[in-house]
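# Understanding the architecture of this molecule
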Amino acid sequence: RDDCNPQEIADLKAKGVLVWTRRNLESYLLDDEVLTAFCITNGYDEHIDAVLQAKADALTQSVDAGYPVDDLKRAAGTTYETIRQLLGLVQAGNTAVTFMRDSLAPLIKPEMAVHAEMKGVLGLD
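Residues numbered from 1 in each chain as written. Predicted model: local features only at pLDDT ≥ 70, side-chain atom pairs only at ≥ 80, totals over all residues. Heavy atoms only, no water.

## Focus: a nonpolar patch on the surface
Defined as follows: The patches described consist of residues with a relative accessible area above 30% and no salt bridge, like charges being joined within 9 Å and nonpolar side chains (Val, Leu, Ile, Met, Phe, Trp, Tyr) within 5 Å. Per-residue and other accessible areas were derived by the Shrake-Rupley procedure at a 1.4 Å probe size, with only the shown protein chains allowed to occlude residues. Each reported salt bridge corresponds to a side-chain nitrogen of Lys or Arg within 4 Å of a carboxyl oxygen of Asp or Glu. The secondary structure listing takes helices from DSSP runs of H or I that are at least 4 residues long and strands from runs of E that are at least 2 residues long, numbered from the N terminus. The rule is simple: take the accessible area with a 1.4 Å probe, protein chains only, and divide by the maximum for that residue type; under 20% is buried, over 50% is exposed, in between is partly exposed.
A cluster of nonpolar side chains, namely Leu 18, Leu 122 and Leu 124, defines an oily patch on the protein surface of about 280 Å² accessible area. Inspection of the secondary structure puts Leu 18 in the loop between helix 1 (6-14) and helix 2 (25-29). For Leu 18, a relative accessible area of 41% translates into the label partly exposed.

## A look at the confidence of the model for the protein
For clarity, the cut-off: For every residue, the pLDDT score states the predictor's confidence, bounded by 0 at the bottom and 100 at the top.
Of all residues in the protein, 98% have pLDDT values of 70 or greater, and the mean over the chain is 92. Averaged pLDDT values for the elements of the protein fall to 86 in helix 1 and rise to 98 in helix 3 (residues 32-41).

## A closer look at the packing of aromatic side chains
Quick reminder of the rule: Any two rings among Phe, Tyr and Trp, with Trp reduced to its six-membered ring, count as a pair given centres within 6.5 Å; such a pair is stacked if its planes are under 30 degrees apart, edge-to-face if over 60, and tilted if neither.
Under the definition given, this model contains three aromatic pairs. Geometrically, the ring pair formed by Phe 38 and Tyr 44 is stacked, given 6.4 Å between the ring centres and 20 degrees between the ring planes. Between the aromatic rings of Phe 38 and Phe 99, the centroid separation amounts to 5.2 Å while the plane-to-plane angle is 80 degrees, which identifies the pairing as edge-to-face. Of this pair, Phe 38 sits in helix 3 while Phe 99 sits in helix 6 (residues 96-104), and the two are 61 residues apart along the sequence.

## Focus: the pattern of salt bridges
When the charged atoms of two side chains lie near each other, side chains of opposite charge can form a pair. Counted by the stated rule, this structure contains eight salt bridges. One salt bridge in this structure joins Glu 117 and Arg 22, with 2.9 Å as the shortest N-O distance. Placement of Glu 117 in helix 7 (residues 113-121) and of Arg 22 in the loop between helix 1 and helix 2 is noted, with a sequence separation of 95 residues between them. In this structure, Arg 23 engages Asp 70 in a salt bridge whose closest nitrogen and oxygen atoms are separated by 2.7 Å. Within this pair, whereas Arg 23 is found in the loop between helix 1 and helix 2, its partner Asp 70 is found in the loop between helix 4 (48-64) and helix 5 (72-87), the two being separated by 47 residues in sequence. When its relative accessible area of 10% is taken as the criterion, Arg 23 is described as buried. Taken together, the shared-partner salt bridges in this structure form one network comprising Arg 22, Asp 31 and Glu 117.

## Digging into unusual backbone geometry
Of note, Gln 91 is a non-glycine position whose phi angle comes to about 55 degrees, a positive value. With respect to the helices and strands, the residue Gln 91 is situated in the loop between helix 5 and helix 6. Owing to a relative accessible area of 85%, Gln 91 belongs among the exposed residues under this scheme.

Structural data, given as structure tokens:
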């Protein structure tokens, strides 16, 4: 989706291009529901609020640097590094991309709202 306006979205869809409802994939992978599932699945239940705050703080820093309020791609690296340090993660991936791909994406389950949203975009609802 990025910064596409409604006409651009319509044009892309007319060409058969999938257009997400959120700005970027990071917005789905770093969804609060997914981060909460990560904490619960890995025994970090007591850190859920701190992890969600780390994401919010990273997004605020990104916005303060002039990026759009919904651009989690820009905030992903800081979010990951803060979560990694906060939870003392080791071997969680060298980058935010590998962390999101290998640790967060598999946690998106059919019972989650974020799953339903993605499924709707794909026309599978």
